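Each chain is listed here by its residues.
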Amino acid sequence: MALRRFPSLLVETPRLLVRPLCADDDKRVGEIFAERLVRRWLPIAQDDVTEFDGYAWCTELAVERRDSGAGDHYGVVRREDERLVGCLWTKNTDWLTRSTEIAFAVAADARGYGVAPEAVAVVALSLLLEHRFQRIELRVAPGNVASRRVAEKAGFTYEGLLRNAGSLHSGRVDLESWSLVPADIR
């Protein structure tokens, strides 16, 4: 099968705009990924934030992921003040099965307002309805109650536990598997 480029997405809701990241987003993205709670649930070193390069994440890493067909990196922008309040990325795309995984991180000052479920849902729906994906996945480390709530609110279905399937700064972890498929859309 020929290599596919991940589709370019620009989706919006009345409150949010989800768009590809750009070089100017690097400082804010770095702030989001430097936050302690974000580092707790992602495979980012807990004590060494200097490892994370916001500029690379917004530019060459996003382009590399998009051009390889593996996924893309997006910014979640609050429309009322045009502030970048979160990051969302797709990864582990399988073009044969037309599936991809979504991951996200939300700035501390934007948590608790429904930003993550709204952004995840609009991107998942765009991929399913406009780009003919057949399966969107979310993987959540057990204990990450906030991410589990995002999956539920975004309409994903819990499928089970993937044993020893992920890693965090603390080591190997199980991951809950959640999915959204076209049949779930009412």
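Our subject is the structure that appears above.
Quick caveat: nothing in here was measured; it's all calculated off a predicted structure.

Remarks on the packing of aromatic side chains
Here is step 1 of the chain: For the structure on display, the rule yields 7 aromatic pairs.
Here is step 2 of the chain: Here the aromatic residues Phe-6, Trp-95 and Phe-133 are joined through ring pairs into a cluster of three or more.
Here is step 3 of the chain: Above the plane of the ring of Phe-133 lies Arg-98, whose end atom (NZ or CZ) is 5.4 Å from the centre.

Considering helix α1 (residues 26-34)
Here is step 1 of the chain: Within α1, burial applies to Arg-28, Val-29, Gly-30, Ile-32 and Phe-33.
Here is step 2 of the chain: Buried-residue contacts for α1 involve α2 (36-41), α3 (54-58), β4 (83-94) and β5 (99-106).

Let's talk about the layout of surface pockets
Here is step 1 of the chain: As a volume, the largest pocket reaches approximately 1100 Å³.
Here is step 2 of the chain: Forming the boundary of the largest pocket are 50 residues, of which Trp-41, Leu-42, Phe-104, Asn-144 and Ser-147 lie nearest the centre.
Here is step 3 of the chain: Its residues placed into classes, the lining of the largest pocket shows 32 nonpolar, 8 polar and 10 charged.

A word on the nonpolar core
Here is step 1 of the chain: Core analysis: the largest hydrophobic core is formed by 34 residues, its most contacted members being Val-120, Val-123, Ile-136 and Phe-156.
Here is step 2 of the chain: Of all the elements in the fold, those that place two or more residues in this core are β2 (16-20), β3 (72-78), β4, β5, α5 (115-129), β6 (135-140), α6 (145-153) and β8 (171-180).
Here is step 3 of the chain: Ranked by residues supplied to this core, first place goes to α5 with 10 residues.
Here is step 4 of the chain: Ile-136 has contacts with Thr-100, Ile-102, Ala-124, Leu-127, Leu-128, Phe-156, Trp-178, Ser-179 and Leu-180, leaving out every residue within four places of it along the chain.
Here is step 5 of the chain: Judged by nonpolar contacts, the second largest core, of 15 residues, contains Phe-33, Leu-42, Cys-58 and Cys-87.

Focus on the sheet that holds β4
Here is step 1 of the chain: With mixed pairing, the 8 strands of this open sheet are ordered in space as β1-β2-β3-β4-β5-β6-β8-β7. Edge strands, defined here as strands with exactly one partner in the open sheet, are β1 (11-12) and β7 (157-168).
Here is step 2 of the chain: In terms of strand pairing, β6 meets β8 through 5 bridges, oriented antiparallel. Each bridged residue has a counterpart across the sheet, and for Arg-139 the counterpart in β8 is Ser-177.
Here is step 3 of the chain: Against the sheet, α1 engages β4 and β5, with an angle of about 75° to β4.

Here's the deal with the pairing of β3
Here is step 1 of the chain: Across the 7 residues of β3, 6 count as buried, placing the element largely inside the fold.
Here is step 2 of the chain: In this sheet, β3 lies alongside β2 in antiparallel orientation, the contact comprising 5 bridges. Within the sheet, the bridge partner assigned to Leu-17 lies in β3 and is Val-77.
Here is step 3 of the chain: Relative to β4, β3 is paired through 7 bridges, and the arrangement is antiparallel. Looking at β4, one finds that Tyr-74 is bridged to Leu-88.
Here is step 4 of the chain: Linking β3 back to β4 in an antiparallel pair, the connection comprises 4 residues, with Glu-82 at a positive phi of about 60°.

Some words on the environment of Glu-101
Here is step 1 of the chain: Tracing the chain through its elements places Glu-101 in strand β5.
Here is step 2 of the chain: Residue classification places Glu-101 among the buried residues on the basis of a relative accessible area of 6%.
Here is step 3 of the chain: In this structure the C-alpha to C-alpha distance between Glu-101 and Glu-137, which are 36 residues apart in sequence, comes to 4.4 Å.
Here is step 4 of the chain: Apart from residues no more than four positions distant in its own chain, Glu-101 is found in contact with Trp-89, Thr-90, Lys-91, Asn-92, Glu-137 and Arg-139.
Here is step 5 of the chain: Within the structure, Glu-101 has its side chain in polar contact with the side chain of Asn-92 (distance 2.8 Å).

Some points on the pattern of salt bridges
Here is step 1 of the chain: Per the stated rule, a full pass over the model turns up 16 salt bridges.
Here is step 2 of the chain: Arg-28 serves as the salt-bridge partner of Asp-109, at 3.3 Å between the closest nitrogen and oxygen. Placement of Asp-109 in the loop between β5 and α5 and of Arg-28 in helix α1 is noted, with a sequence separation of 81 residues between them.
Here is step 3 of the chain: The partner of Arg-135 in a salt bridge is Glu-137, with the nearest N and O atoms 2.7 Å apart.
Here is step 4 of the chain: Assessed through its relative accessible area of 13%, Glu-137 is described here as buried.
Here is step 5 of the chain: Overlapping salt bridges, with partners in common, bring together Arg-28, Glu-31, Arg-83 and Asp-109 in one network.

The rules behind these values
Residues numbered from 1 in each chain as written. Predicted model: local features only at pLDDT ≥ 70, side-chain atom pairs only at ≥ 80, totals over all residues. Heavy atoms only, no water. Phe/Tyr/Trp six-rings, centres within 6.5 Å; stacked < 30°, edge-to-face > 60°. Lys NZ or Arg CZ within 6 Å of the ring centre and 35° of its normal. Buried < 20%, exposed > 50% of the residue type's maximum accessible area, 1.4 Å probe, protein only. Helix = DSSP H or I, 4+ residues; strand = E, 2+ residues; numbered from the N terminus. Contact = heavy atoms within 4.5 Å. 1 Å grid on protein atoms, 1.4 Å probe; cavity = no way out; pocket = protein on both sides within 12 Å on 5 of 7 lines; lining within 4 Å. Points joined across faces, edges and corners; volume = space filled by probe spheres on them. Nonpolar A, V, L, I, M, F, W, Y, C, P; charged D, E, K, R; others polar. Core = buried A, V, L, I, M, F, W, Y, C linked by side-chain atoms within 4.5 Å. Pairing = 2+ DSSP bridges. Axes fitted to C-alpha atoms, helices over the stretch in contact; angles between N-to-C directions. Polar contact = N/O pair within 3.5 Å; in protein donor to acceptor, adjacent residues only side chain to side chain. Salt bridge = Lys/Arg side-chain N within 4 Å of Asp/Glu carboxyl O.

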